[in-house]
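Topology and contacts: notes
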Amino acid sequence: FFSCWIDGWVEERQQTTNMKISSSILPLVIASQIMLADDTSAFTSARHSVASSSSRVHTATNDITTDDTANDTITWSAKASADPRYAHIAPTQLLNPQPRDMTTFPKLHEAFLTDTHPIETQEELGRGTFLFSDWRQAWYTYGMCDRSLSVEEYERTKKEGGFIVDPLTGEADYEIDDIDGELPDDLVGVLYRNGPGKFGIDGDRVKHILDADGLVLRLEFCPPEEATTSSSRVRFTSRFVETEGFLEEREAKEFTKRGTFGTAPRGLTSIFGKPKRAGLNEDPEETAPLLARVAANALQVDIKNTANTQVIAFGGKLLALWEAGSPYRLDPVTLKTIGADSMGRANLQPGKLAVKPIPGIPAEFQPSFLGGEAHTAHPKVCPRTGNLVGWTWAQQVGAGMSVTFTEYTSEGFKEVASETFMLDGCDLAPHDMILTEHYILLKVNALKLDQLSFLSGAKGPAECLGMNGRAPVRVFAFPRPTLSAEKRKDFTPFVVNDVPACFSIHFSHGYEDERTGNIVSYFSGWPPNDSKSFLGAWGGFAPDYNQIPPTYYWRMEIDPKSQECVDLRVSPGSENMCVEHPVVHPNFQTKAPKFAYTQCCNAVGDSSGPMGYSKLRLDGGAPAQPHLKLGDKNEEVDVYWIGSRRFAGEPLVVPKRGVNLEDEDEAYLLGLMYDAVKHKSSLVIFDLKRDLKKGPVCTIWLKTALPHGLHGCFSPEKEVKSSCFC
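All of the points below concern the structure found in this document. (Residues numbered from 1 in each chain as written. Predicted model: local features only at pLDDT ≥ 70, side-chain atom pairs only at ≥ 80, totals over all residues. Heavy atoms only, no water.)

Our next topic: the sheet that holds strand β33 (residues 638-641). Ordered by their spatial adjacency, four strands build an open sheet running β30-β31-β32-β33, and the pairing between neighbours is antiparallel. One side of each edge strand has no neighbouring strand; the edge strands of this open sheet are β30 (578-583) and β33. The average undirected angle you get between the axes of adjacent strands in this sheet is 25°. (Pairing = 2+ DSSP bridges. Helix = DSSP H or I, 4+ residues; strand = E, 2+ residues; numbered from the N terminus. Axes fitted to C-alpha atoms, helices over the stretch in contact; angles between N-to-C directions.)

The following block contains the structure:
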C-alpha cells in the first residue's frame, strides 16, 4: 500500500523537477512525519516558533506580519473586479453543461461591459442564466482589503476607526441608514446568520468552501418606540467564530488541522515545497502530492471544528453549530466567542472523535481521542412545547451509529428528557431531521466511508464518502424522548427499508396526518443520479453547478403501521422548480401548513445558482404539472427573481410582532442578497400578505459584501430565550 504511494510520488516529483529520487529513503520520511505528528505539542510548538519570527497584517489574508511597508496607504476595495478567466455564462448540469460566451446574451454582455445591472423582466428571468465571475465574487473572503499593513498601521487604523471590517477578527459594528422602501414597524428582534466567512490563512485558500471558518452576523431591529431621530432602527454586527482551530492557525499562519472536505496541513515544506499562497480570493492551490498529505495527516483524526453551519438562540445562549463537533457559545450582543459548549453532555467536548470506545479493549488501552460525541447542526423547536429538540451522535465500530435525542426547555437551557438509539449500518450522520408531535425521523442516504483513505491522511473525511445516487435509502423513526410511557405503546421505533432513491438535504417540516395517521414530510433533495461524490462539486473556489444534480422539493409519506414509504414524489405544483433551503412558518414545524418558501435557482428543472425566492403551495393547494419537460418554465409558482447579477441567500419566515401565530400570512420573509455590481450585500424583506412576485417591501443595504452564507435564526427578544430557525 505504501509502495503505491511512494511510486506515485516519485513519478510526479521526477516529472516536475527532473530529479532522480530513490524511493528507498521515502518510508523513512513517512515514518518520521507520522512520529512528529503524534507529538502534537512539540510539532505545534515548532511551527509556532517559526511563525512568531514574522508579524505583519495582510488584510486580504487576515494575518499579521512585519516589514518596511508601514507607510503604505490603506486602500479599501469599493467593489470586486471581474476576472476575465471566468467572465462567461456559468454552465448548468443538464441543459448547458459547457460555459457559454456572454455575447449569446446581449443584455447581460452589455451589463458586464458597463458594470451595471441588465434591464430584465420577471418573465425573462428564471432560466438559471448568470455570470460565473459574479458567482465567484459571492465567495470572496469577508473584509477584503487590497493592501498590506504593518502592525503599527493596523493598530493605529483600528484605534482611529478606519476599518469597516476588522481583517483579523471579522468584527464590524455600525448602524444602517441605507434603506430602500419602508422598514416595517412590526419587525422587531434580532436576526443571526452563520456561514463560511474566512476562506484560509496567510494567502492559502481552503480547498473547499465548507472548510472555511465560521462568520456570524447580527442584525438588530429595535422597536419603533425606542428609536430616536438621531439613530437608526437597524444595527449590524459581525465576527468570526474563534474556535480552537481558528486561533491555532492564526498563530501558526498555516493550516494545522485537517478539514472535513480536504483542506489539510501540507507537511515539511523543505521536502514537499511551500504553498503558493496566491491569496484568499484566488483559486486554491492544487492538492498537495499524495506523499505530502500522508506524511502530514496520517492517523491525525482531530478534524477542525469550523463552527460555520448554523447559529441558534435558545435558553439564553447563542450557539454556533457544526455537525461533527461541539457547539461554540457566543456573546449574543458582541458575538465574541465564549468557548465550546457541552450542552450538559459529558462526551460533547473538543479534541474527542465522535467514535465510541472499541468493544473488548480495556479502557487503559483505548486511543485517547475516542469517546466523544458530535451535535447536529439542525435541531428543531417544537411549536407546542417550546422545547429545543436536538441530537448527538457517535460512531460504533462495526455496528453503525449511536444517536441520543435530547429535549431542552427555554428556561435556562435545561434538559427535559433524553434517549439513545442505534442506526444500524449507518456510516454518516444524517444532516437534518424530521420532527412531529410524537416522532423524530432520520433519513439515511446511501453513503459509504473509505476508512483507509481517511486514516492514511490521503483524503479528508467527506472526500472518503462514496455516494450511490441510485440506491434505495432508509428512514429510521423513533419516539420523542418526552413521550409518556402510556403513549409509547402506540409509538415504537421502526425502520423503513427500500425507500426509493432520493438524496435528502434539508427538511422544511413534518407532521402526522390526522386522517390517515401517516407521517408526511417535505425536503429539498436530488433525484436519482449518477453522482459518486458527496458535495465534491462544492470544492474549489465556488460550487460548480454543472457537477451538481438539480435540487427539487419533495413530499414523502410513511405509513407507520405497515412501516412502508407509500409516497415519494416532487411536491405537486413545484415541478421544474430547482430550489433549496425550504422553510415554513415556525408555528407549523409539526403541522400541515399551506405554504413553503425556498431559495430558488430556476424554474426549468436544471441546476444553477440561487437567484430568487419562491412560495410553494402544499398538500393539494396547487395542481401537479406532469406535462412540463426539462427546459419548460413553470409559470404557475409565485416567484420573485432578484436579477441575473444578484444571488439569493437562505430565506427565513419571521412572524410579525403581536399577531396570531395560526395565520401563516402574518409574517415576513427575510433573505440576504449579494449584489455583484455594487459588491455589497443587503437584506430583502417580503410581506407575506402579498404575493412574492410583487417584490420586497424593504431592502436594507450593508456597507460591505458578505460571503454567501448558510443557516440562521431570528429571536424576538435580546435575551435570546428562543428563536425560529432556518
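Here the narrative resumes.
Moving on, we get to a nonpolar patch on the surface. A cluster of nonpolar side chains, L94, L95 and L630, forms an exposed patch at the surface whose accessible area comes to about 240 Å². With respect to the secondary-structure elements, L95 resides in the loop between β1 (57-58) and α4 (106-114). (Patch = residues over 30% accessible without salt bridge, like charges linked within 9 Å, V, L, I, M, F, W, Y side chains within 5 Å. Areas by Shrake-Rupley, 256 points an atom, 1.4 Å probe, with all protein chains shown as cover. Salt bridge = Lys/Arg side-chain N within 4 Å of Asp/Glu carboxyl O.)

Before going further, it helps to examine the packing of aromatic side chains. As enumerated under the stated definition, the model contains 28 aromatic pairs in all. Considering the side-chain rings of W391 and F405, the 6.4 Å spacing of their centres and the 50° angle between planes classify their relative orientation as tilted. Taken as a pair, W391 in strand β17 (residues 388-396) and F405 in strand β18 (residues 400-409) lie far apart in primary sequence, 14 residues in all. Summarising the burial analysis for this pair, W391 and F405 share the class buried. With 6.3 Å between their ring centres and 10° between their planes, F476 and F478 make a pair best called stacked. Like F478, F476 is buried. Linked through ring pairs, F130, W135, W139, F199, Y545 and F647 together constitute an aromatic cluster. When the ring centre of Y668 is taken as origin, the NZ or CZ atom of K656, which lies over that ring, is 5.0 Å away. When the ring centre of W701 is taken as origin, the NZ or CZ atom of K678, which lies over that ring, is 3.8 Å away. (Phe/Tyr/Trp six-rings, centres within 6.5 Å; stacked < 30°, edge-to-face > 60°. Buried < 20%, exposed > 50% of the residue type's maximum accessible area, 1.4 Å probe, protein only. Lys NZ or Arg CZ within 6 Å of the ring centre and 35° of its normal.)

Let's shift gears to helix α6 (residues 151-159). Along α6, the residues classified as buried are E153, Y154 and T157. Viewed along the axis of α6, the buried residues span an arc of 100°, placing them on a single side of the element. Turned more than 90 degrees away from the buried face of α6 sit E152 and K159, all of them exposed. Backbone geometry just downstream of α6 places G161 in the positive-phi region, at approximately 75°. (Arc of directions from axis to C-beta.)

One side chain can pair with another of opposite charge once the charged atoms of both are near each other. Within this structure, the stated rule accounts for 33 salt bridges. Its salt-bridge partner being R235, residue E175 comes within 3.7 Å of it at the nearest N-O pair. With E175 in strand β3 (residues 172-176) and R235 in strand β10 (residues 234-240), the pair connects residues that are 60 residues apart, well separated along the chain. Here R235 falls in the partly exposed class, since its relative accessible area comes to 31%. It is possible to trace a salt-bridge network through shared partners that takes in R555, E557, D567, R569 and D619.

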